[in-house]
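# Report on the structure
Below are the chains, spelled out letter by letter.
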Amino acid sequence: MSQFQYIVTKEDREAERSVKELVRANFTFSSRLMTKLKQKHLVKLNGETMQWWITPEAGDIITATLPEEKSDFPPEDIPIAVVYEDADLLVINKQPGVVVHPTKGKPCHTIANGLMQKMLEEGENYKIRFVNRLDMNTSGLLIVAKNSHAQDALTKQMNASARGLHKKYKAIVVGEMPADSGTIDLPLGRPDPEEVERWVLPVEQGGYPSVTHYQVLDRFHGHSLVELELETGRTHQIRVHLSYLGYPILGDHLYCNGDPFAYRRLHGEQRDRMPCSARSAVDRNDDCPRACASAAKDGAARGQGGKEIVSDLIDRQALHAFSLTLTHPVSGETLHLEAPLPADMLAVIAKLKE
(Lines give C-alpha, C1' and ligand atoms only; values in the text may rest on other atoms or scores of the structure.)
Protein backbone atom coordinates (compact mmCIF):
# COMPACT_ATOMS: atom_id res chain seq x y z
CA MET A 1 0.00 0.00 0.00
CA SER A 2 1.67 3.24 -1.18
CA GLN A 3 1.80 6.33 0.97
CA PHE A 4 2.66 9.87 -0.10
CA GLN A 5 3.90 12.61 2.21
CA TYR A 6 4.24 16.39 1.93
CA ILE A 7 5.55 18.88 4.52
CA VAL A 8 3.75 22.23 4.44
CA THR A 9 6.07 25.17 3.74
CA LYS A 10 6.04 28.73 5.01
CA GLU A 11 5.07 29.85 1.51
CA ASP A 12 2.09 27.49 1.53
CA ARG A 13 0.90 28.99 4.80
CA GLU A 14 1.33 32.56 3.61
CA ALA A 15 -0.65 31.75 0.47
CA GLU A 16 -3.34 30.18 2.68
CA ARG A 17 -3.45 27.00 0.64
CA SER A 18 -5.92 24.40 1.84
CA VAL A 19 -5.16 20.73 2.37
CA LYS A 20 -7.08 19.89 -0.82
CA GLU A 21 -5.06 22.39 -2.87
CA LEU A 22 -1.77 21.06 -1.51
CA VAL A 23 -2.71 17.45 -2.19
CA ARG A 24 -3.78 18.25 -5.73
CA ALA A 25 -0.68 20.34 -6.46
CA ASN A 26 1.96 18.05 -4.98
CA PHE A 27 0.70 14.53 -5.61
CA THR A 28 -0.83 14.96 -9.12
CA PHE A 29 -3.58 12.47 -8.38
CA SER A 30 -6.42 12.00 -10.85
CA SER A 31 -9.84 13.47 -10.01
CA ARG A 32 -11.22 9.95 -9.58
CA LEU A 33 -8.51 9.03 -7.08
CA MET A 34 -8.98 12.32 -5.21
CA THR A 35 -12.64 11.44 -4.75
CA LYS A 36 -11.75 7.99 -3.37
CA LEU A 37 -9.22 9.46 -0.96
CA LYS A 38 -11.79 11.91 0.38
CA GLN A 39 -14.60 9.37 0.69
CA LYS A 40 -12.40 6.85 2.53
CA HIS A 41 -10.65 9.48 4.74
CA LEU A 42 -7.23 8.44 3.49
CA VAL A 43 -5.67 11.90 3.64
CA LYS A 44 -4.45 12.91 7.11
CA LEU A 45 -2.82 15.95 8.66
CA ASN A 46 -0.20 15.08 11.27
CA GLY A 47 -1.77 11.60 11.44
CA GLU A 48 -5.29 12.88 12.11
CA THR A 49 -8.39 13.02 9.92
CA MET A 50 -9.43 16.61 9.09
CA GLN A 51 -11.57 18.67 6.75
CA TRP A 52 -10.00 19.24 3.35
CA TRP A 53 -10.79 22.94 3.37
CA ILE A 54 -8.66 23.87 6.38
CA THR A 55 -5.35 25.74 6.00
CA PRO A 56 -2.45 23.84 7.63
CA GLU A 57 0.49 25.43 9.43
CA ALA A 58 4.09 25.46 8.19
CA GLY A 59 5.77 22.19 9.16
CA ASP A 60 2.53 20.20 9.24
CA ILE A 61 2.74 16.82 7.52
CA ILE A 62 0.11 15.77 4.97
CA THR A 63 -0.04 12.05 4.21
CA ALA A 64 -2.13 10.34 1.54
CA THR A 65 -2.51 6.56 1.59
CA LEU A 66 -3.74 4.90 -1.57
CA PRO A 67 -6.84 2.68 -1.15
CA GLU A 68 -6.38 -1.07 -0.99
CA GLU A 69 -7.58 -2.89 -4.10
CA LYS A 70 -7.09 -6.42 -5.33
CA SER A 71 -7.67 -8.67 -8.31
CA ASP A 72 -9.45 -12.00 -8.02
CA PHE A 73 -8.13 -14.05 -10.95
CA PRO A 74 -7.59 -17.76 -10.18
CA PRO A 75 -3.89 -18.26 -9.35
CA GLU A 76 -1.92 -20.51 -11.70
CA ASP A 77 1.67 -21.67 -11.77
CA ILE A 78 2.77 -19.60 -14.77
CA PRO A 79 6.40 -18.40 -14.71
CA ILE A 80 6.83 -14.65 -14.11
CA ALA A 81 10.28 -13.25 -14.97
CA VAL A 82 10.70 -10.01 -13.00
CA VAL A 83 12.90 -7.31 -14.53
CA TYR A 84 12.00 -4.52 -12.06
CA GLU A 85 9.70 -4.31 -9.05
CA ASP A 86 8.86 -1.94 -6.19
CA ALA A 87 5.74 -0.93 -4.25
CA ASP A 88 4.17 0.87 -7.24
CA LEU A 89 5.50 -0.79 -10.36
CA LEU A 90 6.29 -4.21 -11.81
CA VAL A 91 7.97 -4.87 -15.15
CA ILE A 92 8.27 -8.45 -16.36
CA ASN A 93 9.83 -10.21 -19.34
CA LYS A 94 6.81 -11.95 -20.85
CA GLN A 95 7.36 -15.32 -22.49
CA PRO A 96 5.79 -16.03 -25.91
CA GLY A 97 2.65 -18.15 -26.18
CA VAL A 98 0.86 -16.70 -23.15
CA VAL A 99 -2.06 -14.26 -23.27
CA VAL A 100 -1.67 -11.18 -21.05
CA HIS A 101 -5.21 -10.82 -19.67
CA PRO A 102 -8.15 -13.26 -19.46
CA THR A 103 -10.73 -12.95 -22.24
CA LYS A 104 -13.83 -14.90 -23.25
CA GLY A 105 -11.73 -16.99 -25.59
CA LYS A 106 -8.83 -17.38 -23.11
CA PRO A 107 -10.33 -17.25 -19.59
CA CYS A 108 -7.29 -18.75 -17.89
CA HIS A 109 -3.59 -19.65 -18.35
CA THR A 110 -2.73 -15.94 -18.67
CA ILE A 111 -0.07 -13.64 -17.24
CA ALA A 112 -2.72 -12.27 -14.87
CA ASN A 113 -3.21 -15.76 -13.42
CA GLY A 114 0.55 -16.13 -12.97
CA LEU A 115 0.72 -12.76 -11.21
CA MET A 116 -1.97 -13.88 -8.77
CA GLN A 117 0.14 -16.93 -7.89
CA LYS A 118 3.19 -14.68 -7.44
CA MET A 119 1.23 -12.43 -5.05
CA LEU A 120 0.08 -15.40 -2.97
CA GLU A 121 3.62 -16.73 -2.66
CA GLU A 122 5.05 -13.32 -1.68
CA GLY A 123 2.21 -12.15 0.57
CA GLU A 124 1.30 -9.19 -1.65
CA ASN A 125 -2.14 -7.94 -2.57
CA TYR A 126 -2.83 -5.40 -5.29
CA LYS A 127 -5.04 -4.89 -8.31
CA ILE A 128 -3.32 -5.92 -11.53
CA ARG A 129 -3.28 -3.02 -14.00
CA PHE A 130 -1.52 -3.65 -17.31
CA VAL A 131 -0.14 -0.41 -18.72
CA ASN A 132 0.84 -1.89 -22.07
CA ARG A 133 -0.21 -5.07 -23.85
CA LEU A 134 1.72 -7.60 -25.90
CA ASP A 135 0.19 -10.06 -28.35
CA MET A 136 0.09 -13.67 -27.17
CA ASN A 137 3.05 -14.68 -29.35
CA THR A 138 5.10 -11.52 -28.77
CA SER A 139 7.69 -11.67 -25.99
CA GLY A 140 9.33 -8.96 -23.93
CA LEU A 141 8.81 -6.16 -21.45
CA LEU A 142 5.33 -5.81 -19.96
CA ILE A 143 4.40 -3.07 -17.48
CA VAL A 144 2.09 -3.67 -14.52
CA ALA A 145 0.97 -0.77 -12.30
CA LYS A 146 0.22 -1.77 -8.71
CA ASN A 147 -2.12 1.15 -7.99
CA SER A 148 -4.33 3.58 -9.88
CA HIS A 149 -1.95 6.52 -9.47
CA ALA A 150 0.94 4.63 -11.09
CA GLN A 151 -1.35 3.47 -13.90
CA ASP A 152 -2.63 6.98 -14.54
CA ALA A 153 0.85 8.51 -14.55
CA LEU A 154 2.30 5.87 -16.90
CA THR A 155 -0.69 6.03 -19.24
CA LYS A 156 -0.17 9.79 -19.50
CA GLN A 157 3.48 9.17 -20.39
CA MET A 158 2.42 6.78 -23.16
CA ASN A 159 -0.12 9.25 -24.54
CA ALA A 160 2.04 12.39 -24.24
CA SER A 161 3.00 14.11 -27.48
CA ALA A 162 6.61 14.10 -26.25
CA ARG A 163 6.40 10.34 -25.70
CA GLY A 164 7.78 10.23 -22.18
CA LEU A 165 7.60 6.42 -22.29
CA HIS A 166 9.73 4.85 -25.01
CA LYS A 167 9.36 1.25 -26.16
CA LYS A 168 11.71 -0.51 -28.57
CA TYR A 169 11.33 -3.88 -30.24
CA LYS A 170 13.46 -6.27 -32.24
CA ALA A 171 12.07 -8.40 -35.05
CA ILE A 172 13.35 -10.89 -37.59
CA VAL A 173 11.68 -10.16 -40.92
CA VAL A 174 11.50 -12.11 -44.15
CA GLY A 175 13.57 -10.41 -46.84
CA GLU A 176 16.63 -8.17 -46.75
CA MET A 177 15.38 -4.63 -46.23
CA PRO A 178 17.32 -2.29 -48.55
CA ALA A 179 17.21 0.89 -46.44
CA ASP A 180 19.28 0.98 -43.25
CA SER A 181 16.64 3.04 -41.45
CA GLY A 182 13.35 4.82 -42.05
CA THR A 183 9.93 5.81 -40.78
CA ILE A 184 6.64 4.13 -41.64
CA ASP A 185 3.81 6.67 -41.39
CA LEU A 186 0.64 4.85 -42.42
CA PRO A 187 -2.79 4.95 -40.73
CA LEU A 188 -4.12 1.63 -39.41
CA GLY A 189 -7.64 0.44 -38.82
CA ARG A 190 -9.94 -2.55 -38.65
CA PRO A 191 -11.46 -3.07 -42.10
CA ASP A 192 -13.80 -5.77 -40.78
CA PRO A 193 -15.10 -5.21 -37.21
CA GLU A 194 -15.83 -8.94 -36.97
CA GLU A 195 -12.18 -9.87 -37.56
CA VAL A 196 -9.12 -9.33 -35.38
CA GLU A 197 -6.83 -8.37 -38.27
CA ARG A 198 -5.83 -4.77 -38.90
CA TRP A 199 -4.53 -3.22 -42.09
CA VAL A 200 -3.55 0.11 -43.63
CA LEU A 201 -6.76 2.14 -43.77
CA PRO A 202 -7.19 5.82 -44.74
CA VAL A 203 -8.15 8.12 -41.88
CA GLU A 204 -11.35 9.09 -43.67
CA GLN A 205 -12.33 5.40 -43.62
CA GLY A 206 -11.67 4.94 -39.92
CA GLY A 207 -7.90 4.51 -39.81
CA TYR A 208 -5.81 6.00 -36.99
CA PRO A 209 -2.48 7.80 -37.49
CA SER A 210 0.33 5.29 -36.86
CA VAL A 211 4.09 5.88 -36.94
CA THR A 212 6.89 3.30 -36.63
CA HIS A 213 10.62 4.08 -36.82
CA TYR A 214 12.97 1.27 -37.86
CA GLN A 215 16.67 0.54 -38.14
CA VAL A 216 18.19 -2.54 -39.78
CA LEU A 217 20.73 -4.13 -37.43
CA ASP A 218 21.82 -7.07 -39.61
CA ARG A 219 20.97 -8.96 -42.80
CA PHE A 220 21.43 -12.70 -43.31
CA HIS A 221 20.27 -15.31 -45.81
CA GLY A 222 17.15 -13.55 -47.04
CA HIS A 223 16.19 -12.11 -43.64
CA SER A 224 16.82 -8.96 -41.62
CA LEU A 225 17.13 -8.20 -37.90
CA VAL A 226 15.33 -4.92 -37.30
CA GLU A 227 15.04 -2.57 -34.32
CA LEU A 228 11.75 -0.68 -34.09
CA GLU A 229 10.47 2.19 -31.98
CA LEU A 230 6.80 3.07 -31.72
CA GLU A 231 5.64 6.66 -31.90
CA THR A 232 2.04 5.44 -31.62
CA GLY A 233 0.79 2.20 -30.08
CA ARG A 234 -1.91 0.73 -32.32
CA THR A 235 -2.89 -2.94 -32.18
CA HIS A 236 -0.61 -5.05 -34.43
CA GLN A 237 1.13 -1.83 -35.56
CA ILE A 238 4.62 -3.23 -36.11
CA ARG A 239 3.31 -6.43 -37.69
CA VAL A 240 1.09 -4.62 -40.18
CA HIS A 241 3.55 -1.86 -41.05
CA LEU A 242 6.35 -4.31 -41.85
CA SER A 243 4.05 -6.62 -43.79
CA TYR A 244 2.69 -3.68 -45.81
CA LEU A 245 6.26 -2.79 -46.84
CA GLY A 246 6.74 -6.36 -48.07
CA TYR A 247 8.88 -7.59 -45.16
CA PRO A 248 6.57 -9.54 -42.83
CA ILE A 249 7.79 -10.69 -39.44
CA LEU A 250 9.06 -14.27 -39.58
CA GLY A 251 6.40 -16.69 -38.29
CA ASP A 252 3.54 -14.17 -38.28
CA HIS A 253 0.53 -16.31 -39.26
CA LEU A 254 -1.80 -13.32 -39.68
CA TYR A 255 0.29 -11.09 -41.91
CA CYS A 256 2.91 -13.29 -43.62
CA ASN A 257 1.01 -12.90 -46.93
CA GLY A 258 0.55 -9.15 -46.72
CA ASP A 259 -3.07 -7.97 -46.70
CA PRO A 260 -5.04 -10.76 -44.94
CA PHE A 261 -8.33 -9.50 -46.40
CA ALA A 262 -7.07 -9.68 -49.98
CA TYR A 263 -5.68 -13.15 -49.26
CA ARG A 264 -9.05 -14.25 -47.88
CA ARG A 265 -10.87 -13.01 -50.96
CA LEU A 266 -8.58 -15.10 -53.13
CA HIS A 267 -8.45 -18.25 -51.03
CA GLY A 268 -11.74 -18.29 -49.13
CA GLU A 269 -12.40 -18.55 -45.43
CA GLN A 270 -10.14 -21.51 -44.63
CA ARG A 271 -7.46 -18.98 -43.60
CA ASP A 272 -4.57 -21.03 -44.86
CA ARG A 273 -1.41 -18.95 -44.80
CA MET A 274 1.56 -18.99 -47.14
CA PRO A 275 4.39 -20.16 -44.85
CA CYS A 276 7.25 -17.73 -44.36
CA SER A 277 9.67 -20.20 -45.94
CA ALA A 278 7.59 -19.97 -49.10
CA ARG A 279 7.52 -16.17 -48.83
CA SER A 280 11.31 -16.25 -48.93
CA ALA A 281 11.04 -18.19 -52.18
CA VAL A 282 8.82 -15.46 -53.60
CA ASP A 283 11.39 -12.80 -52.70
CA ARG A 284 14.12 -14.84 -54.37
CA ASN A 285 11.97 -15.58 -57.46
CA ASP A 286 12.27 -19.33 -56.86
CA ASP A 287 9.62 -21.87 -57.82
CA CYS A 288 6.96 -20.24 -55.63
CA PRO A 289 3.97 -22.58 -56.22
CA ARG A 290 6.04 -25.66 -55.48
CA ALA A 291 7.67 -24.13 -52.41
CA CYS A 292 4.36 -22.82 -51.09
CA ALA A 293 2.56 -26.14 -51.53
CA SER A 294 5.33 -28.09 -49.84
CA ALA A 295 5.68 -25.69 -46.94
CA ALA A 296 1.92 -25.43 -46.50
CA LYS A 297 1.73 -29.20 -46.17
CA ASP A 298 4.52 -29.16 -43.58
CA GLY A 299 2.94 -26.23 -41.75
CA ALA A 300 -0.44 -27.96 -41.56
CA ALA A 301 1.23 -31.03 -40.08
CA ARG A 302 2.99 -28.94 -37.45
CA GLY A 303 0.03 -26.76 -36.64
CA GLN A 304 -1.86 -29.24 -34.54
CA GLY A 305 -3.49 -28.13 -31.32
CA GLY A 306 -5.00 -25.00 -32.86
CA LYS A 307 -1.63 -23.27 -33.26
CA GLU A 308 -0.99 -21.88 -36.72
CA ILE A 309 2.67 -22.40 -37.58
CA VAL A 310 3.89 -20.85 -40.81
CA SER A 311 7.67 -21.07 -40.52
CA ASP A 312 10.19 -23.89 -40.44
CA LEU A 313 12.38 -21.71 -38.21
CA ILE A 314 10.09 -20.53 -35.41
CA ASP A 315 6.56 -21.30 -34.18
CA ARG A 316 5.47 -17.70 -33.48
CA GLN A 317 6.07 -14.20 -34.80
CA ALA A 318 9.71 -13.29 -34.16
CA LEU A 319 8.94 -10.06 -32.30
CA HIS A 320 10.38 -9.06 -28.92
CA ALA A 321 9.90 -5.90 -26.81
CA PHE A 322 13.50 -5.51 -25.62
CA SER A 323 13.83 -1.93 -24.32
CA LEU A 324 11.78 0.36 -22.12
CA THR A 325 12.52 3.88 -20.86
CA LEU A 326 10.09 5.62 -18.51
CA THR A 327 9.81 8.06 -15.64
CA HIS A 328 8.92 6.36 -12.37
CA PRO A 329 5.35 7.43 -11.46
CA VAL A 330 6.25 8.20 -7.82
CA SER A 331 9.97 8.90 -7.47
CA GLY A 332 10.37 10.69 -10.80
CA GLU A 333 13.50 8.61 -11.49
CA THR A 334 14.26 7.70 -15.11
CA LEU A 335 14.24 3.92 -15.55
CA HIS A 336 15.85 2.18 -18.51
CA LEU A 337 15.11 -1.54 -18.65
CA GLU A 338 16.10 -4.21 -21.16
CA ALA A 339 15.23 -7.84 -21.84
CA PRO A 340 17.63 -9.87 -24.02
CA LEU A 341 16.45 -11.68 -27.12
CA PRO A 342 14.76 -14.98 -26.18
CA ALA A 343 16.28 -18.34 -27.01
CA ASP A 344 14.01 -19.09 -29.98
CA MET A 345 14.95 -15.86 -31.80
CA LEU A 346 18.66 -16.34 -31.03
CA ALA A 347 18.43 -19.87 -32.45
CA VAL A 348 16.83 -18.53 -35.66
CA ILE A 349 19.63 -15.98 -36.09
CA ALA A 350 22.32 -18.59 -35.47
CA LYS A 351 20.75 -20.97 -37.97
CA LEU A 352 20.38 -18.30 -40.65
CA LYS A 353 23.96 -17.14 -40.18
CA GLU A 354 25.24 -20.68 -40.73
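So, here is what we can say about the structure in this document.

Criteria and thresholds
Residues numbered from 1 in each chain as written. Predicted model: local features only at pLDDT ≥ 70, side-chain atom pairs only at ≥ 80, totals over all residues. Heavy atoms only, no water. Helix = DSSP H or I, 4+ residues; strand = E, 2+ residues; numbered from the N terminus. Buried < 20%, exposed > 50% of the residue type's maximum accessible area, 1.4 Å probe, protein only. Contact = heavy atoms within 4.5 Å. Areas by Shrake-Rupley, 256 points an atom, 1.4 Å probe, with all protein chains shown as cover. Core = buried A, V, L, I, M, F, W, Y, C linked by side-chain atoms within 4.5 Å. Salt bridge = Lys/Arg side-chain N within 4 Å of Asp/Glu carboxyl O. Pairing = 2+ DSSP bridges. Arc of directions from axis to C-beta. Polar contact = N/O pair within 3.5 Å; in protein donor to acceptor, adjacent residues only side chain to side chain. Expected span 1.5 Å × (residues − 1). Phe/Tyr/Trp six-rings, centres within 6.5 Å; stacked < 30°, edge-to-face > 60°.

### Description of the overall build of the protein chain
When you go through the protein chain residue by residue, the secondary structure sums to 10 helices and 16 strands. The burial tally for the protein chain puts 49% of its 354 residues in the buried class. In the protein chain, 65% of the contacts between residues at least 6 apart in sequence involve partners at least 24 apart. Accessible area for the protein chain stands at about 17600 Å²; split by element, carbon and sulfur atoms hold 50% of it.

### A look at the nonpolar core
Among the nonpolar cores identified, the biggest contains 46 residues, and I128 and F130 are the most heavily contacted of them. The contact partners of I128, leaving out residues within four places of it in the chain, are S71, F73, A112, L115, M116, M119, V144 and A145. Core analysis: the next-biggest nonpolar cluster, separate from the first, contains 19 residues, Y6, V8, M34 and M50 among them.

### Thoughts on the pattern of salt bridges
It is possible for side chains bearing opposite charge to pair when their charged atoms get close. Counted by the stated rule, this structure contains 15 salt bridges. With its nearest N and O atoms 2.7 Å apart, the salt bridge here joins E69 to R129. A residue pair is termed long-range when its members are at least 10 positions apart, and E69 in the loop between β4 (61-65) and β5 (82-85) and R129 in strand β7 (residues 129-130) qualify at 60 residues. With a relative accessible area of 8%, R129 lands in the buried category. A salt bridge links D344 to R316; the shortest N-O distance between them is 2.9 Å. On the criterion of sequence distance, the pair formed by D344 in helix α10 (residues 343-353) and R316 in the loop between α9 (288-302) and β15 (319-327) is long-range, its members being 28 residues apart. Overall, R316 belongs to the buried group, its relative accessible area being 2%. Here the salt bridges do not stand alone but share partners, grouping E85, K118, E122, E124 and K146 into one network.

### Things to note about the sheet that holds β4
With antiparallel pairing, the 4 strands of this open sheet are ordered in space as β1-β4-β2-β3. Looking at strand neighbours, the two that pair on one side only are β1 (3-7) and β3 (48-49), the edges of this open sheet.

### A closer look at the environment of R239
For R239, the position within the fold is in helix α6 (residues 237-245). Look at R239 and you get buried, because its relative accessible area is 4%. C-alpha separation for the pair R239 and W199, spaced 40 residues apart in sequence, amounts to 9.6 Å.

### Examining helix α7 (residues 260-267)
Taken together, the buried positions of α7 are occupied by P260, F261, Y263 and R264. Considered in projection along α7, the buried side chains sweep an arc of 160 degrees and stay on one side of the axis. Projecting away from the buried face of α7 at angles above 90 degrees are the exposed residues R265 and L266. In this structure, the buried side of α7 is in contact with β12 (199-200). At the N-terminal end of α7, a side-chain oxygen is found 2.9 Å from the backbone nitrogen of F261, two or three residues along, and the residue is D259.

### Here's the deal with unusual backbone geometry
One can expect most non-glycine residues to show negative phi and most peptide bonds to be in trans. A positive phi angle is found at N46, which is not glycine, with a value near 55 degrees. Along the chain, N46 falls in the loop between β2 (43-45) and β3. Phi is positive for H236, which is not a glycine, with a value near 60 degrees. Relative to the elements of secondary structure, H236 occurs in the loop between β14 (223-230) and α6.

### Considering helix α5 (residues 148-159)
Relative to the 16 Å expected for 12 residues at 1.5 Å per residue, α5 spans 16 Å between its end C-alpha atoms, a close match to the ideal helical length. Residues S148, H149, A150, A153, L154, Q157 and M158 constitute the buried set of α5. By the N-cap criterion, in which a side-chain oxygen at the helix start approaches the backbone nitrogen of a residue two or three places on, α5 is capped by N147, the distance to H149 being 3.3 Å.

### Brief notes about the packing of aromatic side chains
The full count for this structure, using the stated rule, is 5 aromatic pairs. Arranged with centres 5.1 Å apart and planes meeting at 85 degrees, the rings of F4 and F29 form a pair that is edge-to-face. Placement of the pair is F4 in strand β1 and F29 in the loop between α2 (19-27) and α3 (31-39), with a sequence separation of 25 residues. Measuring from ring centre to ring centre gives 5.4 Å for F27 and F29, while their planes differ by 40 degrees; the resulting arrangement is tilted.

### Description of the pairing of β4
Judged by how many residues are buried, β4 sits mostly within the fold: 4 of 5 residues are covered. Bridge count for β1 against β4 is 5 bridges, and the pairing is antiparallel. Residue Q3 lies in a different strand from β4, and its bridge partner there is T65. As judged from the 3 bridges shared by β2 and β4, these two strands associate in the antiparallel manner. Bridge pairing links L45 to I62 in β4.

### What about the side chain of D60?
Note on placement: D60 falls in the loop between β3 and β4. Here E57 takes part through its backbone nitrogen, which lies 2.8 Å from a polar atom of the side chain of D60.

### With respect to the environment of P187
Summarising the element assignment, P187 is placed in the loop between β10 (181-185) and β11 (188-189). When the C-alpha positions of P187 and H241 are compared, they lie 9.3 Å apart, and in sequence the two are 54 residues distant. Apart from residues lying up to four places away in sequence, P187 is in contact with W199, V200, L201, P202, V203, G207, Y208, P209 and S210.

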